[in-house]
Every structure is written in structure tokens, then in C-alpha cells.
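Structural overview
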Amino acid sequence: MKFSLCMIVKNEEAVLNRCLESMASAMDEIIIVDTGSTDATKKIATAYTDQIYDFAWTGNFAEARNYAASKATGDYIYTADADEYLEPEELQKLLQLKKVLLPEVEIVQMLYCTPPELSTVYNFAEEYRPKLYKRLRSFTWIDPIHETLRLEPVVFDSEIRIQHRPSPGHAKRDLEALAAAADREKLLSDKLRHMYAMELYRCGDVSDFNRAKGFFQRVMEDPDSGQDALREAICVLTRGYRLAGDVSHFLAYALRDAVTAPTSELCCELGAYFEECGDLAEAAMWYQNALSETESILDARTGNEIPTRALERF
């Protein structure tokens with residue numbers, strides 16, 4: 001059983017050694033695909049592998065990952081980002097898994113652990129993610145009659161915990177990639193639209209919102225947009241217009257949601273607006289609604305941490 005570690009990197013000199021050192025002993029080959037580093041990233045990688053490739057960045061992470069995977073020769077491919085690592089006890093779990101992994105298992109999921117204070121998008125401290133997958137997939141016939149090919153992969157949820165410590169700069173990088181995708185494709189998949197909205201709401205600045213404004217307005221105007229898409233767009237647009245000081249547009253979008261089923265994000269935006277205006281009684285009412293009367297759809301902090309801290313200020 002051979003494992004191929006496949007990574008795409010760019011300017012990761014601060015964290016790459018920690019990542020590679022933590023898992024190199026479990027890998028039979030290490031493949032590093034660099035998308036344009038200007039620091040010592042590639043030099044650090046040479047201490048672990050001679051399989052270092054340059055890849056002209058296209059704005060598409062999937063293309064870069066597919067290129068890295070195309071260089072692999074192992075039975076399984078392990079995907080890692082430079083800002084993650086394995087604690088010694090988790091490395092031992094991975095080494096043990098390597099000894100007993102059944103060949104019919106096609107995907108192994110591991111727990112991705114991100115401290116809440118460092119999370120840019122996700123509203124949970126840990127989640128299962130597919131980290132190890134079979135390089136070449138074989139198909140098997142199933143069912144004793146009316147037999148068919150098994151199309152669903154065999155997935156194993158391991159107990160291995162991967163530590164993830166993202167740097168603040170990664171949020172900006174991801175926002176740029178999402179914005180570029182929105183510019184190209186006009187309407188994104190439900191998954192990418194949701195990720196774009198979450199990333200914007202949690203990490204975006206005025207320039208990010210200005211670039212995203214046209215996309216989320218298209219979502220609002222699209223007759224095929226579902227309720228979830230509309231509510232996410234309203235959250236993004238109200239926050240963007242509030243940060244930009246555009247009160248008329250802020251209130252226009254905020255009131256569209258406030259009279260139906262407001263989210264905790266919207267309540268926090270209204271609370272922040274009235275707090276900025278000096279109307280603390282009105283602000284407190286909206287923060288309280290965020291805390292006890294509504295649910296979040298983009299940022300779980302708007303249903304607990306943000307309104308709680310706001311109310312403590314009054």
C-alpha cells in the first residue's frame with residue numbers, strides 16, 4: 001500500500017516545513033505543485049522531495065489539484081494544504097491505517113480541526129473531509145439480480161484529526177478566486193454561491209463587497225433563485241451597503257427581509273446600524289432578536305457571540 005502526498009502551494013515558507021515534517025514518514029512519494037511562489041517555499045520542499053513542479057496559476061484550484069494528482073503513482077493520494085499538520089499521535093493513527101486499510105475503501109475522511117478564532121468561513125471547529133482517496137478506481141457489479149455497477153464510493157470515516165491553522169491572508173486569496181469565478185460564470189453553483197456569501201460576510205472589506213455587488217444583485221433578480229439564495233444575497237448586500245455608508249440601499253435591502261423571516265445576520269446588521277446612529281435602545285432590540293429570535297445562515301457568531309458582546313457594551 002503506497003501513499004502519494006499531493007500539494008499545491010504558493011508562498012508557504014512560514015508553514016510548509018511544519019506540514020511536511022508532520023506527515024512525511026507516512027508517505028511513499030511527495031509531490032509539490034507550486035503556483036508562483038516568490039519566497040523560499042520551493043527550497044523548503046527540496047528537503048523532502050525532488051518532485052517539485054511549476055504550474056501557471058489559472059485561478060482554478062481544482063485544475064492545480066488535478067495536475068498534482070496526475071503526477072502521483074501511489075495506490076492512494078493524500079491531499080494536504082501547507083497550513084495543516086498532524087500531531088504525533090495522529091501520525092501514528094495514519095501509519096496504522098496504512099497497514100490495515102482495506103483495498104475496497106476508496107475514500108478516507110479525516111476530522112479537519114480549525115480553532116474558531118482562526119476560521120474564515122466554517123461555523124464549526126471540526127468536520128469530516130475527504131483527505132485520502134484511491135488513485136485508480138475499480139468498478140464492481142452489485143445486486144444478485146438486475147445487477148448494476150456500484151457508483152457510490154466506499155467511504156471510511158477515520159478518527160484521524162488534522163490540525164488546520166490558516167493565516168489571515170488565505171481569506172483574501174479565496175475571495176479573489178471566488179470573485180473571479182463569479183465574474184466568469186455570472187451565476188455560480190449553490191455550493192460556490194454559499195461559500196462566496198460566507199467568505200464575504202465574515203472576511204470581506206468594502207472593496208470585496210463592491211466587486212461582489214453585481215453578482216448578488218443578479219442572484220436577487222434571477223427568477224430561478226431559491227429562498228436560500230435570496231436570503232444569502234440580502235445578508236451580503238445589507239452588510240456591504242452598511243460598511244460603505246450607503247444608508248438608502250442598506251435599509252431597502254434590510255427591510256425586505258426584516259418584514260418576513262429575518263436572519264441573525266440581518267438583525268446584527270440593523271443592530272450595528274442603530275448603534276452607529278446612537279439609538280442604543282433600537283440597537284439593543286435588534287441584537288436581542290439576533291440572540292434569541294432568529295437563526296444564522298452564513299455566520300454562526302451572529303446568533304451568539306456578536307450580539308452578546310454588543311449587548312454587554314450598553
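In case you missed it, the structure is sitting above this.
Fair warning: this is a prediction, and the values are worked out from it, not measured in the lab. (Residues numbered from 1 in each chain as written. Predicted model: local features only at pLDDT ≥ 70, side-chain atom pairs only at ≥ 80, totals over all residues. Heavy atoms only, no water.)

Comments concerning the overall build of the protein
Counting secondary structure elements, the protein contains 12 helices and 10 strands. Taking the principal axes of its C-alpha atoms as reference, the protein extends roughly 65 × 60 × 40 Å. When burial is assessed residue by residue, the protein has 46% of its 314 residues classed as buried. By sequence separation, contacts in the protein at least 24 residues apart represent 67% of the contacts at least 6 residues apart. When the accessible area of the protein is evaluated, it comes to approximately 15,900 Å², of which 53% is carbon and sulfur surface. Positive and negative charge centroids in the protein, built from 35 and 53 side chains respectively, lie 4 Å apart. (Helix = DSSP H or I, 4+ residues; strand = E, 2+ residues; numbered from the N terminus. Buried < 20%, exposed > 50% of the residue type's maximum accessible area, 1.4 Å probe, protein only. Contact = heavy atoms within 4.5 Å. Areas by Shrake-Rupley, 256 points an atom, 1.4 Å probe, with all protein chains shown as cover. Lys, Arg positive; Asp, Glu negative; His and termini not counted. Charge placed at Lys NZ, Arg CZ, Asp CG, Glu CD.)

With respect to the pattern of salt bridges
Counted according to the given criterion, the structure contains 20 salt bridges. Where Arg150 meets Glu106, a salt bridge forms, and the shortest distance between an N and an O atom there is 3.2 Å. In this pair, Arg150 sits in the loop between strand 9 (148–149) and strand 10 (155–164) while Glu106 sits in the loop between helix 4 (88–100) and strand 6 (107–113), placing the two residues 44 residues apart along the sequence. For the residue pair Arg150 and Glu106, the accessibility class agrees, reading buried in each case. Across the salt bridge formed by Arg161 and Glu126, the nearest N and O atoms sit 3.1 Å from each other. Note that Arg161 is positioned in strand 10 and Glu126 in strand 7 (residues 126–134), a separation of 35 residues in sequence. (Salt bridge = Lys/Arg side-chain N within 4 Å of Asp/Glu carboxyl O.)

As for unusual backbone geometry
One non-glycine residue, Asn11, lies in positive phi territory at about 50°. With respect to the secondary-structure elements, Asn11 resides in the loop between strand 1 (3–9) and helix 1 (16–23). Accessibility expressed as a relative area gives 35% for Asn11, which makes it partly exposed. Its identity as a non-glycine residue notwithstanding, Asp143 has a phi of 80°, on the positive side. Locating Asp143 in the fold gives a position in the loop between strand 8 (141–142) and strand 9.

Looking at the pairing of strand 4 (residues 76–79)
The alternating pattern of strand 4 places Tyr76 and Tyr78 on one face and Ile77 and Thr79 on the opposite face, and all of these are buried. Two elements, strand 4 and strand 7, share 3 bridges in a ladder whose sense is antiparallel. Each residue of the ladder has a partner; that of Ile77, found in strand 7, is Tyr133. (Pairing = 2+ DSSP bridges.)

Here's the deal with the packing of aromatic side chains
According to the stated counting rule, one finds 11 aromatic pairs in the structure shown. Between Tyr196 and Phe216, the aromatic rings sit 5.4 Å apart at their centres with planes inclined by 45°, giving tilted as the arrangement. Of the two residues, Tyr196 sits in helix 6 (residues 190–203) while Phe216 sits in helix 7 (residues 206–221), which places them 20 residues apart along the sequence. With respect to class, Tyr196 is no different from Phe216; both count as buried. Ring centres of Tyr241 and Tyr253 lie 5.8 Å apart, and the angle between their planes is 10°; this geometry places the pair in the stacked category. You can see Tyr241 sitting in helix 8 (residues 227–244) and its partner Tyr253 sitting in helix 9 (residues 247–258), a full 12 residues away along the chain. For Tyr253, a relative accessible area of 12% gives the class buried. (Phe/Tyr/Trp six-rings, centres within 6.5 Å; stacked < 30°, edge-to-face > 60°.)

Examining the state of the cysteines
The final tally for this structure, using the stated rule, is 0 disulfides. Of all cysteine sulfurs, the one in Cys268 lies closest to Cys267, which takes part in no disulfide; the gap is 7.2 Å. Among the residues examined, Cys267 registers a relative accessible area of 0% and is labelled buried. Of the cysteine sulfurs around Cys277, a residue in no disulfide, the closest is that of Cys268, at 16 Å. (Disulfide = S-S within 2.5 Å.)

Purely geometric stuff here, so don't read any function into it on its own.
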